Amino acid sequence: MGVLIAGGGIGGLATALSLHAAGVGTAVVESAREIRPLGVGINLLPHAVRELIELGLGDELAAIGVATAENVYCDRFGRRIFTEPRGLAQGYRWPQYSVHRGELQRLLLAAVRERLGADAVRTGARVVGFDDSGQRDGVRVRVLDRATGTVEETAARALIGADGLHSAVRAALHPQDGPPLWSGIRMWRGTTPAEPFLTGRSMVIVHDGDAELVAYPIGGGRVNWVCQVRMSEPGPLTGDAAWNRAGRLADVLPYFEDWRLGWLDVPALLTGGAEILEYPMVDREPLPWWGSGRVTLLGDAAHPMYPVGANGASQAVVDARVLARELARTDDVPTALSRYETERREATAAVVRANRAMNRAGARTPEELARVTDTYRDTTGGDVRTLNARASLGRP
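Residues numbered from 1 in each chain as written. Predicted model: local features only at pLDDT ≥ 70, side-chain atom pairs only at ≥ 80, totals over all residues. Heavy atoms only, no water.

A.B. asks: Honestly, the packing of aromatic side chains in this entry has me stumped. Any pointers?
C.D. replies: The geometry of an aromatic ring pair is captured by the separation of the ring centres together with the interplanar angle, meaning the angle of the planes. The full count for this structure, using the stated rule, is 5 aromatic pairs. Judged by centre distance (6.4 Å) and plane angle (35°), the ring pair of Trp 188 and Tyr 255 falls under tilted. A residue pair is termed long-range when its members are at least 10 positions apart, and Trp 188 in strand β13 (residues 181–193) and Tyr 255 in the loop between α6 (249–252) and α7 (266–271) qualify at 67 residues. The class for Trp 188 is buried, based on a relative accessible area of 1%. Relative accessible area serves as the criterion here: at 35%, Tyr 255 is assigned to the partly exposed category. Taking 5.6 Å as the distance between ring centres and 55° as the angle between the ring planes, the aromatic pair formed by Trp 290 and Tyr 340 counts as tilted. Taken as a pair, Trp 290 in the loop between β19 (276–283) and β20 (295–297) and Tyr 340 in helix α9 (residues 333–361) lie far apart in primary sequence, 50 residues in all. Note that Arg 189 overlies the ring of Tyr 279, its terminal NZ or CZ placed 5.9 Å from the centroid. (Phe/Tyr/Trp six-rings, centres within 6.5 Å; stacked < 30°, edge-to-face > 60°. Helix = DSSP H or I, 4+ residues; strand = E, 2+ residues; numbered from the N terminus. Buried < 20%, exposed > 50% of the residue type's maximum accessible area, 1.4 Å probe, protein only. Lys NZ or Arg CZ within 6 Å of the ring centre and 35° of its normal.)

Written out as structure tokens, the structure is:
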């Protein structure tokens, strides 16, 4: 009887690899009938890249990602305001990678199936409930087979809810949680065939009024872009705010049609995207506790956060490594999960709060941007010397 992971996203697959490396048996159930390389670009920060390299994925990551060298803050005319070195250029022993999310997920999936077996990830299966009351030897998990509509029950040593923002495991543990909290900002995201700009490994962040653009190369002759526009005051996400829908160029282009950076044609970048995705920027209030007994949460299911710090996927990878280490240390599963939560819950709550603060900061001068970026790094455990010096998370 092994650990059952609900969710085959980046957090769930990183958890499977970490548990396998620690000698802990595991399996994954994923609601999607097929795991395809969907989505747009994301960033993996050095603290997550370190963990994936220690899992033996360094060459594969380097092959699909761009090692980001700098964040360039400028105005909509391309005038540079502030530049922050990133990754190796900042002094870390590990790079920061900009990568296509779907390609990263496919890389992790291939590694899981190679190391754990072809049947380690079951698709078209969703956790719909569990019973951890009075189960001395395991948790009983109810899994829906989406093809047949039947629900089966299976025993697991532990249940890890890595099933994302709309987590069924979280909803069962925290039924009074309520809807996600909207920042008031809508995001349009896409990738466009385009040459990289500036150093070729630069990320650009442009702000003007209520509109902001973030763009960076993700390899394969593509540039990923995110357009953010403040639409309202923050509040609970209501039905009319919608979630993850196909976006329309006509809705986003008017905010950016006169932006000319010189070295990057913003209207052409947006117009050239094959597909546009539209999202509300949301998070949730940090929980006072994640799990109980043999059940816990991980990644976005535990601590959804604004993407402004490029830290969501990275924190999920760190979650995975700490969880595996604690489960390898003892046969007492509730104690292991409690130790995992003790180490990670407040640390990730600090990242959620730091992302909110960065989103509200409104920094515009070089001095303000330097202060905000330094504060964020210190608050979220990203200090260069501390990360370079600390022991591996993979050591029990």
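Let us keep going from here.
A.B. asks: Please explain the UniProt feature "domain: FAD-binding" (unreviewed entry) in the protein chain as it appears in this structure.
C.D. replies: Mapped onto this numbering, the UniProt entry gives "domain: FAD-binding" (unreviewed entry) at residues 3–174 and 290–354. Split by type, residues 290–354 is 62% helix and 5% strand. Its first and last C-alpha atoms lie 20 Å apart. (UniProt positions renumbered as here; feature names shortened; annotations may be inferred.)

A.B. asks: Even after reading the chapter, I still don't get the environment of Ile 276, so can you show me in this structure?
C.D. replies: Counting through the fold element by element, Ile 276 comes out in strand β19. The buried category is assigned to Ile 276, whose relative accessible area is 8%. Considering only alpha carbons, one finds Ile 276 and Ser 98, 178 residues apart in sequence, at a separation of 19 Å. If near-sequence neighbours (up to four positions away) are discounted, Ile 276 is found in contact with Trp 188, Arg 189, Trp 225, Arg 245, Ala 246, Gly 247, Arg 248 and Leu 249. (Contact = heavy atoms within 4.5 Å.)

A.B. asks: How should the pattern of salt bridges be read in this particular structure?
C.D. replies: It is possible for side chains bearing opposite charge to pair when their charged atoms get close. If you walk through the whole model with that rule in mind, you get 28 salt bridges. For Arg 390, the salt bridge identified is with Glu 51, shortest N-O distance 3.0 Å. Linking Arg 390 in the segment after α11 (384–389) with Glu 51 in helix α2 (residues 46–54), this pair joins segments that are 339 residues apart in sequence. Residues Asp 319 and Arg 344 are paired through a salt bridge, measuring 2.7 Å at the closest nitrogen-oxygen approach. Of this pair, Asp 319 sits in helix α8 (residues 312–329) while Arg 344 sits in helix α9, and the two are 25 residues apart along the sequence. Here the residues in one salt-bridge network are Arg 50, Glu 51, Glu 54, Arg 321 and Arg 390, joined through shared partners. (Salt bridge = Lys/Arg side-chain N within 4 Å of Asp/Glu carboxyl O.)

A.B. asks: Is there a simple way to explain α2 in this structure?
C.D. replies: Residues three or four positions apart in an α-helix share a direction because the helix packs 3.6 residues into each turn. Counting buried positions along α2 gives 7 out of 9 residues, so the element sits mostly inside the fold. Where the residues of α2 are buried, they touch β3 (41–44), α3 (58–64), β7 (97–100), α4 (101–116), α8 and α11. Of the residues trailing α2, Gly 56 is marked for its positive phi of about 85°.

A.B. asks: Quick question: what am I supposed to make of unusual backbone geometry here?
C.D. replies: Both trends apply: most residues other than glycine have a negative phi, and most peptide bonds are in trans. A positive phi angle, near 50°, is found at Leu 198, a position not held by glycine. With respect to the element layout, Leu 198 can be found in the loop between β13 and β14 (202–208). In the Ramachandran plot, Ala 310 falls in the positive-phi region, its phi being about 50° despite a non-glycine side chain. The residue Ala 310 is located in the loop between β20 and α8 in this model.

A.B. asks: Would you take a moment to explain the sheet that holds β3 for this structure?
C.D. replies: Judged by pairing direction, the sheet is antiparallel, and its 3 strands sit side by side in the order β3-β7-β4 without closing on themselves. Either end of the sheet is taken by a strand with one partner, and the two such strands are β3 and β4 (66–67). (Pairing = 2+ DSSP bridges.)

A.B. asks: It is not clear to me how the sheet that holds strand β11 (residues 151–156) should be interpreted in this structure. Could you clarify?
C.D. replies: Pairing between the strands of a sheet is mediated by backbone hydrogen bonds and can be parallel or antiparallel. Strand order in the open sheet formed by 3 strands is β9-β10-β11, with antiparallel pairing between adjacent strands. Here the strands that pair on one side only, and so sit at the sheet edges, are β9 (125–131) and β11. Put simply, the sheet's adjacent strands are angled 30° from each other on average, direction ignored. The sheet contact formed by strand β10 (residues 139–145) and β11 spans 6 bridges and is antiparallel. Each bridged residue has a counterpart across the sheet, and for Arg 142 the counterpart in β11 is Glu 153. (Axes fitted to C-alpha atoms, helices over the stretch in contact; angles between N-to-C directions.)

A.B. asks: Can you help me understand empty space enclosed by the protein in this one?
C.D. replies: Empty space among the atoms can be located by rolling a probe the size of a water molecule over them. For the coordinates displayed, the defined rule picks out 1 cavity of 30 Å³ or more. Here the largest cavity defines a volume of roughly 60 Å³. Lining the largest cavity are 13 residues, and of these Pro 286, Leu 287, Ala 302, His 303 and Val 352 lie nearest its centre. Here the element with the most residues in the lining of the largest cavity is α9; it accounts for 4 residues. Within the lining of the largest cavity, the residues separate by chemical class into 7 nonpolar, 2 polar and 4 charged. (1 Å grid on protein atoms, 1.4 Å probe; cavity = no way out; pocket = protein on both sides within 12 Å on 5 of 7 lines; lining within 4 Å. Points joined across faces, edges and corners; volume = space filled by probe spheres on them. Nonpolar A, V, L, I, M, F, W, Y, C, P; charged D, E, K, R; others polar.)

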